[in-house]
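Chains, contacts and geometry: an overview
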Amino acid sequence: MNDYPILYSFRRCPYAIRARMALAYASVPVELREVLLKDKPRPMLEASPKGTVPVLILNDGSVIDESIDVMHWALNQNDPEHWVTEKSSHDRDALVTENDGSFKTCLDRYKYADRHPEHPAHHYREEACRFLQELESRLADSPWLSGKEKGFADIAVFPFIRQFAGVDRAWFDQSPYPHLRHWLNDLLGHPLFQAVMAKHTPWKPGQARVVFPGSQ
Ligand SMILES: N[C@@H](CCC(=O)N[C@@H](CS)C(=O)NCC(=O)O)C(=O)O
């Protein structure tokens, strides 16, 4: 038995960011193990052979190795601001599916356009913009993706928009998505985001435990 669930994570990974945000929001302490993707720790691969982060190992040994499932698990423990509501769940699932599917594919091709020489980077960016336009339309009507209050969808999607914005910041800053920029800036300035982006050295067996969020 571990004292805390163990979270294998990579600081900049958008999937790991959404998982850490949910765990921090729910105030569920975990032992954080920062991973180098090119040198993944053996215990992580033993728990989840597919080799992606985040991986959460619960105290009973069960493993959650999909970021959305980590979010659901965390919010099931504690959801103080009601990020999960019945009303928003259908919407949310559709947005997350599109984000993690077609948008993520375009984002990767835009970011690593040199690995996809069939088209120039702006072609992939234009494809990605279909999703950005959808988000922009929602955010023109309400401050958060599912309505008046921040919720699951905002946290699940925004780390990917952050990554998209960072590919060509000058382009993003003048793009026709002012509501999206405002929404992104709000989330980037949120104390929860600042907290989950603290830097940690990569984990090695036997090292002192890092408990996240905060020391317990
Ligand atoms: N569907 C997974 C995807 C996670 C994922 O692909 N994470 C990336 C890092 S951002 C990864 O671990 N890639 C493995 C690698 O680069 O070796 C989830 O939602 O947790």
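Residues numbered from 1 in each chain as written. Predicted model: local features only at pLDDT ≥ 70, side-chain atom pairs only at ≥ 80, totals over all residues. Heavy atoms only, no water.

A short note on the overall build of the protein
Scanning the protein from N- to C-terminus turns up nine helices and five strands. Counted from the first residue to the last, the protein has its helices and strands arranged as β-α-β-α-β-β-α-α-α-α-α-α-α-β. Taking 2.2 N^0.38 as the reference for a compact globule, 216 residues should give roughly 17 Å; the C-alpha atoms of the protein span a radius of gyration of 18 Å, in line with that estimate. In the protein, which comprises 216 residues, the share counted as buried stands at 49%. Of all intrachain contacts in the protein linking residues separated by at least 6 positions in sequence, the fraction that spans at least 24 positions is 71%. For the protein, the exposed surface amounts to about 10,900 Å²; the carbon and sulfur share of it is 50%. Each charge class in the protein can be summarised by its mean position, and for the 26 positive and 29 negative side chains these summaries are 6 Å apart. (Helix = DSSP H or I, 4+ residues; strand = E, 2+ residues; numbered from the N terminus. Rg over C-alpha atoms; globule rule 2.2 N^0.38 Å. Buried < 20%, exposed > 50% of the residue type's maximum accessible area, 1.4 Å probe, protein only. Contact = heavy atoms within 4.5 Å. Areas by Shrake-Rupley, 256 points an atom, 1.4 Å probe, with all protein chains shown as cover. Lys, Arg positive; Asp, Glu negative; His and termini not counted. Charge placed at Lys NZ, Arg CZ, Asp CG, Glu CD.)

Here's the deal with the pairing of strand 1 (residues 6-9)
By the alternation rule, side chains of strand 1 split into Ile6 and Tyr8 and Leu7 and Ser9, which are all buried. Here four bridges tie strand 1 to strand 2 (residues 30-34), and the two strands are oriented parallel to one another. Considered in strand 2, the bridge of Ile6 is made with Glu31. Read as a crossover between parallel neighbours, the route from strand 1 over helix 1 (residues 14-25) to strand 2 is right-handed. Where strand 1 lies against strand 3 (residues 55-57), three bridges are found, and the strand directions are antiparallel. Residue pairing in the sheet places Ile6 in a bridge with Ile57 of strand 3. (Pairing = 2+ DSSP bridges. Right-handed = clockwise from strand over helix to strand, strands pointing away.)

Overview of the site of the ligand
Neighbouring the ligand are Cys13, Pro14, Tyr15, Leu37, Lys40, Gly51, Thr52, Val53, Pro54, Asp65, Glu66 and Ser67. Take Lys40: an N or O atom from its side chain is 2.5 Å from an oxygen atom of the ligand. Here a nitrogen atom of the ligand sits 2.7 Å away from a polar atom, N or O, in the side chain of Glu66. When the ligand sits alone it has 510 Å² of accessible area, and the protein chains cover 71% of it. Judged by its atoms lying within 2 Å of the grid points, the ligand is housed in the largest pocket. (Near = heavy atom within 4 Å. Polar contact = N/O pair within 3.5 Å; in protein donor to acceptor, adjacent residues only side chain to side chain. 1 Å grid on protein atoms, 1.4 Å probe; cavity = no way out; pocket = protein on both sides within 12 Å on 5 of 7 lines; lining within 4 Å. Sits in = over half its atoms within 2 Å of the grid points.)

Examining the nonpolar core
Membership of the largest hydrophobic core comes to 61 residues, with the highest contact counts inside it found for Leu23, Phe103, Ile161, Phe164, Leu180 and Trp183. Here this core gets 10 residues from one element, more than from any other, and that element is helix 6 (residues 152-167). Those residues within four positions of Leu180 in sequence are excluded, and the remaining contacts are Leu132, Leu135, Glu136, Leu139, Ile161 and Phe172. (Core = buried A, V, L, I, M, F, W, Y, C linked by side-chain atoms within 4.5 Å.)

Quick look at the pairing of strand 2
Along any regular strand the residues' side chains alternate between the sheet's two faces. In terms of burial, strand 2 is a largely internal element, five of the five residues being buried. Both faces of strand 2 are covered, namely the face carrying Val30, Leu32 and Glu34 and the face carrying Glu31 and Arg33. As judged from the two bridges shared by strand 2 and strand 5 (residues 211-212), these two strands associate in the antiparallel manner. When the bridges of strand 5 are listed, Val30 appears paired with Phe212.

Points about the sheet that holds strand 1
The mixed open sheet is built from five strands, whose spatial order is 4-3-1-2-5. In this open sheet, the two strands that pair with only one neighbour each are strand 4 (63-64) and strand 5.

With respect to the layout of surface pockets
Of the voids in this model, the largest pocket is the one considered here, and its volume is about 540 Å³. Around the largest pocket, the lining is made up of 24 residues, and of these Cys13, Pro14, Tyr15, Lys104 and Gln163 lie nearest the centre. Where the lining of the largest pocket is concerned, the elements lending two or more residues are helix 1, helix 4 (86-111) and helix 6. A per-element tally of the lining of the largest pocket places helix 6 first, with four residues. Of the residues assigned to the lining of the largest pocket, the class counts are nine nonpolar, five polar and 10 charged. Two domains share the lining of the largest pocket, each providing at least three of its residues, namely domain 1 (6-80 + 194-212) and domain 2 (86-190). Every residue lining the second largest pocket is listed: Glu34, Val35, Leu36, Asp39, Lys40, Pro41, Arg42, Pro43, Pro202, Trp203, Lys204 and Pro205. Per-class residue counts for the lining of the second largest pocket are seven nonpolar, no polar and five charged. (Points joined across faces, edges and corners; volume = space filled by probe spheres on them. Nonpolar A, V, L, I, M, F, W, Y, C, P; charged D, E, K, R; others polar. Domains from an automatic or database assignment.)

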